[in-house]
Amino acid sequence: MSVRVRIAPSPTGNLHIGTARTAVFNWLYAHHHQGTFVLRIEDTDAARSRLEYTENIKSGLEWLGLNWDEGPFFQTQRLDKYQQAVQTLLDKDLAYPCYCTPEELEEMRETQKAMGKAPGYDNRHRHLSIEEKQAFEAQGRKPVIRFKIDGDRTIIWQDAIRDSVSWQGSDLGGDMVIARAAESDEPYGQALYNLAVVVDDIDMQITHVIRGEDHIANTAKQILLYEALDAEIPIFAHSPLILNQEGKKLSKRDGVTSIDDFRKMGFLPEALVNYMILLGWTFPDSTKEIFTLEEAAAEFDLDRVNKAGAKFDWDKLDWINSQYLHQMPADQLTDLLIPYWQEAGYTVDKMDRGWLESLTALTAPTLNRLTDVIKETSVFFSDSFEYSDEAMDLLQQEGVTAIVTEIIQGVSNAGSISQEDTQALIKQVTKSQKVKKGLVMRSLRASLTGELHGPDLTQTWLLLNQLGADKTRLQQTLAKIAG
Ligand code: GLU
């Protein structure tokens, strides 16, 4: 049977990194086995689901390159299928109406708490007589539908990541609600999460349910539902969670968690996907840390997924992102950088494309994130700049004024300069001022950029020269030293 997997996000927020990582594992598994990857939007929570979140989830998956083969399917368009399943379970006497009011349930929980017992439904309406039911109905009570859970059962499954997992039926909180109370005259209302998921996974012929380990208790409940509906149970695989620095599940409280945030911060989709894979899986050649989705898919299997959660490590993500940025062709990287330059108000639209690509090539090795380009290239886009303290110290050293003065003369004579001109001029100044070449280079860098460190000096100079900005800067520097 061919592999069919799915990602089933609830559109109650933007695409979260945890969901995206689950999507990555599903995508890899599907592609490794030439299977099918299904997108299902679990939008039954009408109060919290929003269309814009669905759009965000879809565009986030697309941006990451996680294209789906079927869907998106929407649970709100499939409600009648869930109702049918509720009816089947009622007909089989595997489910029953429960008329408890919220107050009664609350009182029950309080009593359980006082007695030091775990909270859960005590199955009190499991065996109501017809008369008792009628009496509740006569009071106008609308029942929820509960699915019977055998407390004596031990639910065991072979998890494709965690090996054998077992769960006690008595730890599932009592008979579970599978349908809400009706709001109108129907016998019961909308079906709930666990039932809807099982109905869909059966209907969509899902063979492997790969999802976060926070769903383990749901899996135990869902296995009981598969049995009750006489359906084949899929293989379950629970992946470890992504943790914050405190070792807790990475959540909205940790700030950046949505895929959109990562995009805005200047991460490349290839790098983010690469990092998400590494967070829970190792390549068979464990020294290989940079790989594409396709390369990972060729090798991917669930046995190599870690059982333990992994802490999110920004430095590692930055490093991976930098590897992609450093090897990207300048024209392609320039296209990616332009929006960041524009957003920073830099006048890139006026710049010659060749000049921009040279600037990209010059600064690419210094970038960890696309956003770093704003700081790294600011000196090329503004007329004024600050001198760092160390640059100022250098510029005030004896002999530097004479060095800068002679360079200005050289530049004035040459107008537009070439790489050879810059070399010749540096050599000439070194000789005539009787100083070390390093001092000339440092004086030049400090004068042109206000810094002592930065990317290749000759290239920096040439790019400024092409803007006609080098001479002005050198003159400003002289004035600054004198002032
Ligand atoms: N809708 C669930 C969620 O967003 C996922 C359900 C599942 O994967 O079974 O967490």
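Our subject is the structure listed above.
Treat the numbers as computed from the prediction; the structure is a model and nothing was measured.

Peer 1: Hey, could you go over the overall build of the protein for me, with residue numbers and the actual values?
Peer 2: Regarding its fold elements, the protein presents 21 helices and twelve strands. Taking 2.2 N^0.38 as the reference for a compact globule, 483 residues should give roughly 23 Å; the C-alpha atoms of the protein span a radius of gyration of 32 Å, well beyond that estimate. Based on the C-alpha atoms only, the size of the protein along its principal axes is roughly 110 × 45 × 40 Å. The buried share of the protein, taken over its 483 residues, is 49%. For the protein, long-range pairs separated by at least 24 residues make up 75% of all intrachain contacts whose partners lie at least 6 apart in sequence. When the accessible surface of the protein is totalled, it reaches about 23300 Å², and 48% of it is carbon and sulfur. Here the protein carries 50 positive and 72 negative side-chain charges, and the mean point of each set is 3 Å from the other.

Peer 1: So what's going on with helix α11 (residues 314–326)? Which residues, and what values?
Peer 2: Given a rise of 1.5 Å per residue, 13 residues ought to cover 18 Å, and the 18 Å separating the end C-alpha atoms of α11 matches this to within 8%. Among the residues of α11, those classed as buried are Leu317, Asp318, Ile320, Asn321, Ser322, Tyr324 and Leu325. Along its buried surface, α11 packs onto α8 (259–264), α9 (269–278) and α12 (330–343). Between the side-chain oxygen of the N-cap and the backbone nitrogen of Asp315 there are 3.0 Å, and the N-cap of α11 in question is Asp313.

Peer 1: Account for the sheet that holds strand β4 (residues 95–98), with residues named and values stated.
Peer 2: Overall, antiparallel pairing links the three strands, which are arranged β4-β5-β8 in an open sheet. Of all strands in the sheet, those bounded by a partner on one side alone are β4 and β8 (176–179). On average, each strand axis in the sheet is tilted by 45 degrees relative to the strand beside it, whichever way the strands run. Bridge count between β4 and strand β5 (residues 144–147): four bridges; the pairing is antiparallel. Bridging from a neighbouring strand, Cys98 pairs with Val144 of β5. Where helix α3 (residues 79–91) meets the sheet, it contacts β4, β5 and β8, and its direction lies at approximately 100 degrees from that of β4.

Peer 1: Give me the lowdown on the site of the ligand, citing residues and values where you can.
Peer 2: In the vicinity of the ligand, the residues found are Arg6, Ala8, Pro9, Ser10, Glu42, Tyr193, Val197, Arg211 and His215. A distance of 3.0 Å separates a nitrogen atom of the ligand from a polar atom in the side chain of Ser10. Between the ligand and the protein, one listed contact pairs a nitrogen atom with a side-chain N or O atom of Glu42 at 2.6 Å. For the shell around the ligand, the class distribution of residues is four nonpolar, two polar and three charged.

Procedures and definitions
- All residue numbers refer to positions counted from 1 along the written sequence of the respective chain.
- Where local features are concerned, this predicted model is filtered to residues with pLDDT of at least 70; where side-chain atom pairs are given and counted, the filter is 80 or more; whole-chain, interface and lining totals use all residues.
- Note: side-chain values were computed over all heavy atoms of the structure, leaving out hydrogens and water.
- Under the scheme used here, helices are H or I runs from DSSP no shorter than 4 residues and strands are E runs no shorter than 2 residues, and both carry numbers assigned from the N terminus.
- When we talk radius of gyration, it's over C-alpha atoms, and the globule rule is simply 2.2 Å times the number of residues to the 0.38.
- Three labels apply to residues, based on accessible area from a 1.4 Å probe with only protein chains included: buried if under 20% of the type maximum, exposed if over 50%, partly exposed otherwise in between.
- Any two residues having at least one pair of non-hydrogen atoms within 4.5 Å are treated as being in contact.
- Note that accessible areas follow from Shrake-Rupley with a 1.4 Å probe, and for residues the cover is restricted to the protein chains shown.
- Charge assignment: positive for Lys and Arg, negative for Asp and Glu; neither His nor the chain ends contribute.
- We put the charge of a Lys on NZ, of an Arg on CZ, of an Asp on CG and of a Glu on CD.
- Expected helix span is taken as 1.5 Å per residue step, with the number of steps being one fewer than the number of residues.
- Pairs of N or O atoms within 3.5 Å make up the polar contacts considered here, provided that, within protein, one atom can donate a hydrogen while the other can accept it, and that residues adjacent in sequence are counted only when both atoms are side-chain atoms.
- Here, strands pair whenever DSSP counts at least two bridges between them.
- Lines fitted to C-alpha atoms define the axes, with helix axes restricted to the stretch in contact, and inter-axis angles between N-to-C directions lie between 0 and 180 degrees.
- Here, proximity means that at least one heavy atom of the residue falls within 4 Å of the molecule or strand.
- Ten residues, namely Ala, Val, Leu, Ile, Met, Phe, Trp, Tyr, Cys and Pro, are considered nonpolar, four, namely Asp, Glu, Lys and Arg, are considered charged, and the remaining ones, Gly among them, are considered polar.

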